[in-house]
Amino acid sequence: MPFLGQDWRSPGQSWVKTEDGWKKTTKEENETNNNVSERKGYCKEEYDKENLIISINYDVAAKKRKKDLLNNNTKIPYFHRDKWIYVHKGSTKERHGYCTLGEAFNRLDFCSAIKDTRRFNYVVRLLELIAKSQLPSLSGVAQKNYMNILERVVQKVLDDQQNVRPIKELLQTLHASLCSLVQDMGKSVLVGNINIWVHRMENILQWQQQLDNIQINRPTNKGMTFLDLPASLQLNVMHRLSDGRDLVSLGQVCPDLSVLTEDRLLWKKLCQYHFTDRQIRKRLMVSDKGQLEWKKMYFKLCRCYPHKEQYSDTLQFCTHCHILFWKDTDHPCTANNPETCCKPVSPQGFINLFKF
C-alpha cells in the first residue's frame, strides 16, 4: 500500500463539512469555530427570548384593549355605518347567523340616525321595543352597541333639552326589563359578565337623575311669544299636537291656555286620529248633559289600545331585492319600477322582519 500522507483519523485534525465540501481542520481551529458557534447560539437564544417577551407583552396589551372595549372603558364606541342591508327571504341553518336582529341593529347606521330630527323618534321607539322583549336576543356586540347608542341619545336630549319625556319612558322601560331579566329569569339570559350589566343599570339610574334635573331655560329675547298670538292661532297650533299629554302640559301654563285645551273638538280629532271607529264605540263615555267626554275617552283608549305611530322618516324595505335601507340613501334596486317595490317599515315591522 503506497504512503499517501497523514491519516485523517490521526489526532489533531478532523473533517468538517462546509459549503465548498469537506475540509480538514486542526484542533485550534475547531475550538475557535466552537466558540463562535456558542456565541452565535447565545445571541440567537437572547434574541428569541427578547422576541418572546415582546410577543407576550403585545398579547397582554391586545387582551387588555379587548377587555376594556367589552367593559365600555374605551372612548371609541363600536359602530357600523352601512346604509342598507340584505334581508334573507327565508331562514336556514347556514343563513340564520347572517340575518338576525342583532346583526341588523349593528350594521345599519343608527348612530347618524339619532342626529337627524326626522329619524330621532323612530330610533327611540325601536330602542323601546327592543328593551321590552328583544334585548336577550341581541348578540354581545349588539347589546354593547345598543347601550352606546342609548348613551348618545341621552346626551343629545341633555344638550338640546328636547324630547325629555320619551327618553325618560325609554330608560324606565329598559331598567324594568333588566331588573326582570337579572332577578326573575336569571343571569344566563344576558350575554356578558353580570357585573357589566350592573354597571349599565347604574348608568341608567344616573341618566334618569340627570333628566329629572333638567331645567329648561327661558328664551332671552323679548319678541312675540305663543301667548301673544290670537286664540284662533293658538288653537290651530294645538290641533297639530298628536299627544294628549302635551295638551295637558300646555294647559297648565296659564288659565287662558287651560280653557283652550278643554275644547271638545280638539280631543275628538285626537281620538279619531289614533283610534278606529270600532274602538271608540266600545269606549263611549257620556256626561250628565248627554255629551261625549272626548278627553276622558282619549285617555281611556290610550290605556286599552296602542297609539297610531307616525314618523317623518323611516326605514324602507324593497320587496323585490329584499333590502332594508334608509329612505334618503336609496339602494341598488334591479326592479323596473323601484318606487312600487319599496314600502316603509315601522319599528315593530323592523323587529318582525327578523323573526323566523
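Coordinates for the structure precede this section.
In what follows, the accompanying structure is described. Not measured: the values here are computed from a predicted model.

**A word on the sheet that holds strand S3 (residues 84–86)**
- With antiparallel pairing, the four strands of this open sheet are ordered in space as S3-S5-S4-S6. Two strands in the sheet have a free side with no partner beyond their single neighbour: S3 and strand S6 (342–345). Neighbour to neighbour, the strand axes of the sheet diverge by 25° on average, direction disregarded.

**A closer look at the nonpolar core**
- Core analysis: the largest hydrophobic core is formed by 52 residues, its most contacted members being Phe110, Tyr146, Leu324 and Phe350.
- Top element by residues in this core is helix H4 (residues 117–134). It accounts for nine residues.
- With residues up to four places along the chain from it excluded, the contact list for Tyr146 reads Phe105, Leu127, Ile130, Ala131, Leu135, Leu138, Leu170 and Leu174.
- Counting residues in hydrophobic clusters, the runner-up holds 16 residues, among them Ile280, Trp294, Tyr298 and Leu301.

**What to know about the pattern of salt bridges**
- By the definition in use, this model includes 13 salt bridges.
- Residue Asp160 pairs with Lys156 through a salt bridge whose shortest N-O separation is 2.9 Å. Placement of the pair is Asp160 and Lys156 together in helix H5 (residues 140–160), with a separation of four residues, close to one helical turn.
- Two residues, Arg245 and Glu169, come together in a salt bridge whose shortest N-O distance is 2.5 Å. Separated by 76 residues along the polypeptide, Arg245 in helix H9 (residues 244–251) and Glu169 in helix H6 (residues 164–184) bring together distant segments of the chain.
- For Arg245, a relative accessible area of 36% corresponds to the partly exposed category.
- Among the charged side chains, a network of salt bridges with common partners joins Arg165, Glu169, Asp243, Arg245 and Asp246.

**Quick look at the packing of aromatic side chains**
- Inspection of every chain in the model, using the stated rule, returns eleven aromatic pairs.
- Ring centres of Trp267 and Tyr298 lie 5.6 Å apart, and the angle between their planes is 55°; this geometry places the pair in the tilted category. With Trp267 in helix H11 (residues 264–274) and Tyr298 in helix H13 (residues 294–304), this pair connects stretches of sequence that are 31 residues apart. Accessibility classification places Trp267 together with Tyr298 in one group, the buried group.
- Pairwise contacts between aromatic rings join Phe105, Phe110, Tyr122, Tyr146, Tyr311, Trp326 and Phe350 into one cluster.
- Directly above the aromatic system of Phe120 lies the positively charged group of Lys156, at a separation of 5.1 Å from the ring centroid.
- Cation over ring: Arg200 sits above Trp197, and NZ or CZ is 4.6 Å from the ring centre.

**Examining the packing of H9 against H13**
- Where H9 meets H13, the axes come as close as 11 Å, and the angle between the chain directions of the two elements is 135°. Our classification of the angle between H9 and H13 gives oblique. Seen from H9, the contacting residues are Gly244, Arg245 and Val248; seen from H13, they are Lys295, Tyr298 and Phe299.
- Across the contact of H9 with H13, the residue classes break down as three nonpolar, one polar and two charged.

Here is what the cut-offs are and how they apply
Residues numbered from 1 in each chain as written. Predicted model: local features only at pLDDT ≥ 70, side-chain atom pairs only at ≥ 80, totals over all residues. Heavy atoms only, no water. Pairing = 2+ DSSP bridges. Helix = DSSP H or I, 4+ residues; strand = E, 2+ residues; numbered from the N terminus. Axes fitted to C-alpha atoms, helices over the stretch in contact; angles between N-to-C directions. Core = buried A, V, L, I, M, F, W, Y, C linked by side-chain atoms within 4.5 Å. Buried < 20%, exposed > 50% of the residue type's maximum accessible area, 1.4 Å probe, protein only. Contact = heavy atoms within 4.5 Å. Salt bridge = Lys/Arg side-chain N within 4 Å of Asp/Glu carboxyl O. Phe/Tyr/Trp six-rings, centres within 6.5 Å; stacked < 30°, edge-to-face > 60°. Lys NZ or Arg CZ within 6 Å of the ring centre and 35° of its normal. Parallel < 35°, antiparallel > 145°, perpendicular 65-115°, else oblique. Nonpolar A, V, L, I, M, F, W, Y, C, P; charged D, E, K, R; others polar.

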